[in-house]
Amino acid sequence: MLNFTILESSAFWWAVLEGLGVTLGLTGLSMVFGFLLGGLLAAMQVYGGKPARLVARIYIFVFRGVPLLILLFLAYYGLPRIAWLRGSVFWDLVLVSPFRTAVFVLTINNAAYLGEMIRGGLRMVPGGLLEAATAIGMTRTRAFFRVHAPLALRSILGNLGSETIFVVKASAITSVITVRDLLGGPTVLGKVFLDPLTPLLVVGVVYVLLVQIIDFGTRMLRAHLSVPGSSQSHHV
């Protein structure tokens, strides 16, 4: 049964709003940084030599295989035990707070999935398009950024939306390292009111609404960028 005392508390709703902001921050930052690192991993596999491809494949193999919770515990509890990291730039940038540690862990995990996603998108672009672009006077670099990359990005938009939804939900585990995200903040107040159920129900509804908004935005963006008459424009 819902505890209306909690629902009538302004402190609870402030905790929900603040937690929502933290969750959106975790998702946005880790997706941006993960996309940049994933793009590098994809480029290493598509354009790099054998050593670069090997490094990228090992990274993707490891970070797709290790559970996110283990990565989070290793970063939060394990890395601070390494003496030479204390006082380093890495400590000041990443390990100085639970939030930054969570962004770091989500980023390196996302990059493994996004790297494979971007690599698949790059492979889907016909090579003849790049040849046509260079034939009309474009340099290979300009052809990549004006032709290859936009088409690859368009082809993976749906997967990017799914990955964003995954990160939104996966970010909930950062509450175990005291991050006051959408799950962590309200559930702390639930302990104060001696009712863990009501905050979980409310937070669950907020997650559902957030996922629906992301899904709707992704479908609208795909519809906007789809080529008229293509199969993608009819299956949004």
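Everything here concerns the structure above.
Notes on the structure in this doc start here. (Residues numbered from 1 in each chain as written. Predicted model: local features only at pLDDT ≥ 70, side-chain atom pairs only at ≥ 80, totals over all residues. Heavy atoms only, no water.)

**A word on the packing of aromatic side chains**
Rule in force here: Side-chain rings of Phe, Tyr and Trp, where Trp is taken by its six-membered ring, are said to pair if the distance between their centres is within 6.5 Å; with planes under 30 degrees apart they count as stacked, over 60 as edge-to-face, and otherwise as tilted. Think of it this way: any DSSP run of H or I at least four residues long counts as a helix, any run of E at least two long counts as a strand, and we number them from the N terminus. The buried label goes to any residue with under 20% of its type's maximum accessible area, the exposed label to any with over 50%, and the partly exposed label to all in between, with areas taken from a 1.4 Å probe on protein chains only.
Under the counting rule described, the total for this entry stands at six aromatic pairs. Plain terms: the ring middles of Tyr59 and Phe63 are 4.4 Å apart, the flat faces sit at 40° to each other, and that makes the pair tilted. Placement of the pair is Tyr59 and Phe63 together in helix H3 (residues 50-65), with a separation of four residues, close to one helical turn. Take Phe63: its relative accessible area is 18%, and that puts it in the buried class.

**A look at the nonpolar core**
Note the threshold: The term nonpolar core refers to a set of buried residues drawn from Ala, Val, Leu, Ile, Met, Phe, Trp, Tyr and Cys, joined through side-chain atoms within 4.5 Å. Only heavy atoms enter the contact rule, under which two residues are in contact if any of them lie within 4.5 Å.
With 21 residues, the main nonpolar core has Leu26, Leu41, Tyr59, Phe63 and Val105 as its most contacted residues. When residues of this core are traced back to their parent elements, those giving at least two are helix H2 (10-47), H3, helix H4 (68-78) and helix H6 (98-124). Excluding residues within four positions of it along the chain, Phe63 makes contact with Leu71, Ile108, Asn109 and Ala112.

**Re the pattern of salt bridges**
The condition that has to hold: A carboxyl oxygen of Asp or Glu within 4 Å of a side-chain nitrogen of Lys or Arg is what we treat as a salt bridge.
Applying the stated criterion to the full structure yields three salt bridges. Close ionic contact of Arg119 with Glu116 constitutes a salt bridge, the shortest N to O distance being 3.1 Å. Highlighted residues: Arg119 and Glu116, both in helix H6, separated by three residues, approximately one helical turn. On the basis of relative accessibility, which here comes to 25%, the residue Arg119 falls in the partly exposed class. Within the structure, one salt-bridge network assembled from shared partners comprises Arg64, Glu116 and Arg119.

**Quick look at the environment of Arg53**
Note on placement: Arg53 falls in helix H3. Residue Arg53 is classed as partly exposed on the basis of its relative accessible area, which comes to 26%. The spatial distance from the C-alpha of Arg53 to the C-alpha of Leu41 is 8.2 Å, given a sequence separation of 12 residues. Aside from chain neighbours lying at most four places away, what touches Arg53 is Met44, Gln45 and Gly48.

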